[in-house]
Every structure is written in C-alpha cells, then in structure tokens.
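# Descriptive analysis of the structure
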Amino acid sequence: MPPSRRPSADPSDPVKPVVRRTPDAAPANRSLERGIALLRAFRPGLEVLGNGELAERTGLSRATVSRLTQTLVRTGFLQHEPALRAYRLGAPVLSLAHAMRSGSPVLKVAAPWMRELAQARRINVGIAVADGDDMVYLESVRYSRKVSLRSVVAGQRVPIELTSLGRAYLAALPDARREAWIAAMKRRRPGQGRALAEEIDAARASVRAAGYCVAAWQPAVVALSTPLVLANGAIYALNVSVATAETPETVAGSLAADLLDLKRRILAALG
C-alpha cells in the first residue's frame, strides 16, 4: 500500500525559502535557485509532495515546477511515486549531508567534546546553524537523565524565535541583520511577534552579560545556548539541555559553566 499523501501546507514553515546573496555576488542562476527551493520544500511530515504542493510552497508556477521536478528525477535528487503523482527526496541528498558532516572542521573538533560532556553530565548537547527561519542541528548527543517526548537528530529544524539556539544566534548577528530578521518575524507572527521580540531582546542581554541565554519552549525541557562565532564570521550556536522539572534558573546555575567551557575549548582548538 503506497504511503499516504501529506498535507500541502504547514503554517510553521516558510512558504518561500530564503535566497542569500552578497552585494558583490555574481548574477544569480535562477534555475539552480528554483531547483534548490524545491528541495528545501521537503520537511519531516512533508516527505511526499506533488507538483501542485511544490508550487504552493515555493511560489513557483506549476509549469516551472514540472520542468524542475523532471530534471531532479533524472539526476536522482527526487524519486517519483507514480501511484501518488508525487515525489520524495532521493538518496543523493543523504549523500550530500554525509559529506557535509564528515568534512566539517567544526564538527571534527566539537563532536568528541560534546559526547564527553553529554555522557559525563547525563545531558543533551547540540550544535546548530541558521537556515532561513530555523536552526538546523548539525549534531545532537542525547544523554538526558529523564526520557523526553522530543528526540533531536542531526538535520532537524527548530524555530529560531522560540529556542535558546535561535536566540543565541540572533544575539551574535550584526544589529541591522538582527533587526531586519525580527521585523520579518513580526510579520509572520502578527499575534505573537511583539512578545517574542521582547524575549529575544532579553536573551541578547543575557548573552552579553553572562555569555548564554535560556529557553524552555518544550514542556519540561530547559536549554541553555551560547553563540559560537568563528574567525571567518560564521555563526554557530551551541546548547545543552535536560528534561527536568527544575526551574530554568536552577538548570542554568548547574550547567552554564560546562557550556561556556565547551565553547572556549572549541574556539581555542579552531584558532
């Protein structure tokens, strides 16, 4: 029996993926950008998408989507499901992810120390980068003392505005970029934007004063995060979290020193 079709819309996901350009960038390759936009449309819970759903989620015309999906099927990046008249991601996407993770100098340095800390303190330790409106986990080591209903794996996305990871990332952004991001977030979340912006400002103040920020956006899970800014300007976010009934302040008092020590060791090793 073929897998069931997924809903065509998820309000928690942006419809049009962010395209990043620098002021001195070469002219854009529109076909490549559009093909990448189609691949970005696939998310957990949206593993199977038809041309109409892809057009809705990317803002591209159905004719353009049809041409691009044919090319992506020929190259193996999409797999066609005739019974569903839809597509799912192909194996080459996983191969690219493996190449990225195995070739990352940051992960080569950070991952062993992350595992060491997670196992020693029986906590969860993660590292993530921003992509559009989400933070994407590059690694997540899970040793929390209590079982949580939420499991996190490499590649998983979490919203920037709600999480300690995202707020630590925003704290490290230049002022103009952060304010532009917050303004866009307020448009996406008209009923919550102002309150979330205040929480983001408080998290930034915490990062400036103490080096980290705290959030508890999932039930009974408290997370601390700190920005990891490399010499080349790349911004990562490092976090520790634990499933607990303790207050965020108590968890911060217990784990902040470990988080900041891990950050110092990673930055020192990366030079």
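Scope of this entry: the structure provided in the associated data block. (Residues numbered from 1 in each chain as written. Predicted model: local features only at pLDDT ≥ 70, side-chain atom pairs only at ≥ 80, totals over all residues. Heavy atoms only, no water.)

### Quick look at the packing of helix 5 (residues 105-121) against helix 9 (residues 248-270)
For any two helices packed against each other, the geometry is given by the interaxial angle and the distance between the axes. Rule in force here: For helices, the axis comes from a line fit to the C-alpha atoms of the stretch in contact; other axes are also lines fit to C-alpha atoms, and the angle between any two N-to-C directions lies between 0 and 180 degrees. Only DSSP runs of H or I covering at least 4 residues are called helices, and only runs of E covering at least 2 are called strands; the numbering of each starts at the N terminus. For classification purposes, an angle smaller than 35 degrees is called roughly parallel, one larger than 145 roughly antiparallel, one from 65 to 115 roughly perpendicular, and anything else oblique. Left-handed describes a crossing whose near helix is turned anticlockwise from the far helix through less than a right angle; right-handed describes the clockwise counterpart. The contact criterion used throughout is that any non-hydrogen atoms of two residues lie within 4.5 Å. Ten residues, namely Ala, Val, Leu, Ile, Met, Phe, Trp, Tyr, Cys and Pro, are considered nonpolar, four, namely Asp, Glu, Lys and Arg, are considered charged, and the remaining ones, Gly among them, are considered polar.
For the pair helix 5 and helix 9, the least separation of the axes is 10 Å and the interaxial angle reads 155°. As summarised for this structure, helix 5 and helix 9 are arranged roughly antiparallel, according to the angle between their axes. In terms of crossing hand, the pair formed by helix 5 and helix 9 is right-handed. Only Ser254, Leu255, Asp258, Leu262, Arg265, Ile266, Ala269 and Leu270 of helix 9 make contact with helix 5, whose side of the interface consists of Pro105, Val106, Val109, Ala110, Trp113, Met114, Glu116, Leu117 and Arg121. When the residues that make up the contact of helix 5 with helix 9 are grouped by side-chain class, the tally is 12 nonpolar, one polar and four charged.

### Some remarks on the pattern of salt bridges
For clarity, the threshold we go by: Each salt bridge in this description consists of a side-chain nitrogen of Lys or Arg and a carboxyl oxygen of Asp or Glu lying within 4 Å of one another. In this scheme, a residue with accessible area under 20% of its type's maximum is buried, one over 50% is exposed, and one in between is partly exposed, where area comes from a 1.4 Å probe on protein chains only.
Tallied over the full model, the rule gives 16 salt bridges. Note that Asp134 and Arg43 form a salt bridge whose closest N and O atoms lie 3.4 Å from each other. One end of the pair, Asp134, is in strand 4 (residues 134-142); the other, Arg43, is in the loop between helix 1 (30-40) and helix 2 (51-58), and 91 residues separate them in sequence. Look at Asp134 and you get buried, because its relative accessible area is 5%. Given a relative accessible area of 12%, Arg43 falls into the buried group.

### With respect to the packing of helix 6 (residues 164-172) against helix 8 (residues 193-210)
Here helix 6 crosses helix 8 at 70°, and the two axes come no closer than 9 Å. The pairing of helix 6 with helix 8 is recorded here as roughly perpendicular in orientation. For the crossing formed where helix 6 meets helix 8, the hand is right-handed. Between helix 6, through Arg167, Ala168, Leu170 and Ala171, and helix 8, the contact on the second element is made entirely by Leu196, Glu199, Ile200, Ala203, Arg204 and Val207. Of the residues assigned to the contact of helix 6 with helix 8, the class counts are seven nonpolar, no polar and three charged.

### So, the pairing of strand 7 (residues 221-229)
Stated formally: By definition, two strands form a pair when at least two bridges between them are found by DSSP.
Among the nine residues of strand 7, eight are classified as buried, and the element is accordingly described as predominantly covered. In this structure, strand 6 (residues 213-218) lies alongside strand 7, joined through four bridges in antiparallel fashion. Across the sheet, the residue bridging to Gln218 is Val221, located in strand 7. Hairpin connection of strand 6 to strand 7: two residues between the antiparallel strands, including Ala220 at a positive phi of 60°. Across nine bridges, strand 7 lies against strand 8 (residues 235-243) in antiparallel orientation. Bridge pairing in strand 8 places Leu228 opposite Tyr236. Between strand 7 and the antiparallel strand that follows it, strand 8, lie five residues; Gly233 among them carries a positive phi value of about 95°.

### A short note on the nonpolar core
Put simply, the rule is: Take the buried residues of types Ala, Val, Leu, Ile, Met, Phe, Trp, Tyr and Cys, join any two whose side-chain atoms come within 4.5 Å, and each joined set is a nonpolar core.
Core analysis: the biggest nonpolar cluster contains 28 residues, and Met114, Val125, Ile127, Leu224 and Val240 have the highest contact counts within it. Looking at this core, the elements that each hand over two or more residues are helix 5, strand 3 (124-131), strand 4, strand 7, strand 8 and helix 9. The leading source of residues in this core is helix 9, at eight residues. Not counting residues up to four positions away in its chain, the partners in contact with Val125 are Met114, Leu117, Ala118, Glu139, Ser140, Val141, Asn239, Val240 and Leu262.

### Focus: the sheet that holds strand 5 (residues 157-159)
Sheet strands associate in pairs through backbone hydrogen bonding, adopting either a parallel or an antiparallel arrangement. Read from one edge of the open sheet, six strands run 5-4-3-8-7-6, paired in antiparallel fashion. Each of the sheet's edge strands pairs with one partner strand only, and the pair in question is strand 5 and strand 6. Taken pair by pair, the neighbouring strands of this sheet meet at an average axis angle of 35°, ignoring direction. As defined by bridge partners, strand 4 adjoins strand 5 across three bridges and the pair is classed as antiparallel. Each residue of the ladder has a partner; that of Met135, found in strand 5, is Val158.

### Some points on the side chain of Ser164
We count it as follows: Between N or O atoms, a polar contact is any pair within 3.5 Å; within protein, one atom must be a potential hydrogen donor and the other a potential acceptor, and residues adjacent in sequence are included only when both atoms are from side chains.
Mapped onto the elements, Ser164 comes out in helix 6. One polar contact links Ser164 to Ser225, side chain to side chain, over a distance of 2.6 Å. Setting aside residues no more than four positions away along its own chain, Ser164 makes contact with Cys213, Val214, Ala215, Ala223, Leu224 and Ser225.

### Here's the deal with helix 1
Put simply, the rule reads: To obtain the arc, one takes the directions from the helix axis to the C-beta atoms.
Every buried residue of helix 1 is listed here: Gly35, Ala37 and Leu38. Along helix 1, the residues classed as buried sweep out an arc of 155° about the axis, all on the same side. Elements in contact with the buried residues of helix 1: helix 2 and helix 3 (62-74). At the N-terminal end of helix 1, a side-chain oxygen is found 3.3 Å from the backbone nitrogen of Ser31, two or three residues along, and the residue is Asn29.

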